[in-house]
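Structural characterization, general
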Amino acid sequence: MTEIGTELAPITREITQIQIGAYADASGDFNPIHLDEEFAKTTQFGGTIAHGMMIAGLVSELISTTHKRTWPESGKLKIRFKAPVRPGDIVTAHAKVKQIRGTELTYSVGVRNHKDEDVIIGDATVAVVVE
Amino acid sequence: MPLDYVNLSIGDAVSCREFVLDLETVSKYVAAVGDQSNIFEPASASPMAPPMAVGVLSLRGVLDDLGIPPGTLHAGQEMEFLDSVLVGETLTCLATIAQNSVRRGVRLVGVKMDVVRGDRTIVMRAKSMIMVPA
């Protein structure tokens, strides 16, 4: 039974520059901050960083794994990108039920890096299927 | 040609693109993010696209039309999924400006997107907040 505080099984992945390159190809986002080490060194981050939406995909995967097709049919996601993810970082997506209203569940969601820093924070809401 | 961000006003249409959510593109997306949720089953007769793939691939054309300068950062994202989308569907993404302000030397631009299918039903609404070097 789902109740407030219930947590979904987290997803953990290591992020690599190869994966960032593959995501750039797939998404069409070739911003040099993700791909060009020399350019990225001149920015506040001092090196390349992953696309925010690539990391956000982990949150969507987490909710999809539990809620299956109700996520693409009724899901709402609101997130903020708090910190960059660099190649070599190990990130973990997490979700905990924070509100149950009628047939809707709202999760507090996010992604943390291996230093336990929040890189994404937000909420995800999904309809509950009553069988 | 890149947009003149200074003169963008709320409500300005910045992109309207039709695209096909084809199997190859969705497969590339799923492989890149390593999605293991099984929402996308390429061997099925009518595979469903992961909802984030719909969002990201809709953003593709918007990014092109915005001509974002190097160093632009993604600050936040809202997405509302209204219906599942099958691989092979033709979608249209309409993007308008929702916010354009400068704070502490950084331009914050909000872009609203409606993604519609052929019968004009909306399958996704989204809002992206990006920080453009001022």
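These remarks concern the structure in this document.

Listed per partner, the contact involves 35 residues of chain A and 31 residues of chain B. Going through the elements one at a time, α1 (17-27), α2 (32-35), α4 (52-67), α5 (70-74) and β2 (76-81) of chain A are the ones with two or more residues in the side of chain A that touches chain B. Sort the elements by how many residues they give to the side of chain A that touches chain B and α4 of chain A lands first, with nine residues. Partitioned by chemical class, the residues of the side of chain A that touches chain B number 14 nonpolar, 12 polar and nine charged. Inspection of the sheet shows β2 of chain A paired to strand β2 (residues 73-81) of chain B by five bridges, in the antiparallel sense. Bridged to K76 of chain A within β2 of chain B is E80 of chain B.

Take the nonpolar core next. Proteins that are soluble and globular tend to have nonpolar side chains buried together. I55 and V59 of chain A together with Y29, A49, A53 and V54 of chain B are the most contacted members of the largest nonpolar core, which has 70 residues in total. The dominant element in this core, judged by the number of residues it contributes, is helix α2 (residues 51-66) of chain B, at nine residues. With residues up to four places along the chain from it excluded, the contact list for A53 of chain B reads V26, Y29 and V30 of chain B.

Quick look at unusual backbone geometry now. One non-glycine residue, D116 of chain A, adopts positive backbone phi at about 65°. As for its placement among the helices and strands, D116 of chain A is situated in the loop between β4 (104-112) and β5 (118-127). Positive phi, close to 70°, is recorded for N38 of chain B, a residue that is not glycine. Mapping N38 of chain B onto the fold places it in the loop between α1 (23-33) and α2.

Definitions and limits used
Residues numbered from 1 in each chain as written. Chains lettered and ligands numbered in written order. Predicted model: local features only at pLDDT ≥ 70, side-chain atom pairs only at ≥ 80, totals over all residues. Contact = placed C-beta atoms within 7 Å. Helix = DSSP H or I, 4+ residues; strand = E, 2+ residues; numbered from the N terminus. Nonpolar A, V, L, I, M, F, W, Y, C, P; charged D, E, K, R; others polar. Pairing = 2+ DSSP bridges. Core = buried A, V, L, I, M, F, W, Y, C linked by C-beta atoms within 7 Å. Buried ≥ 20, exposed ≤ 12 C-beta atoms within 10 Å, placed from the backbone.

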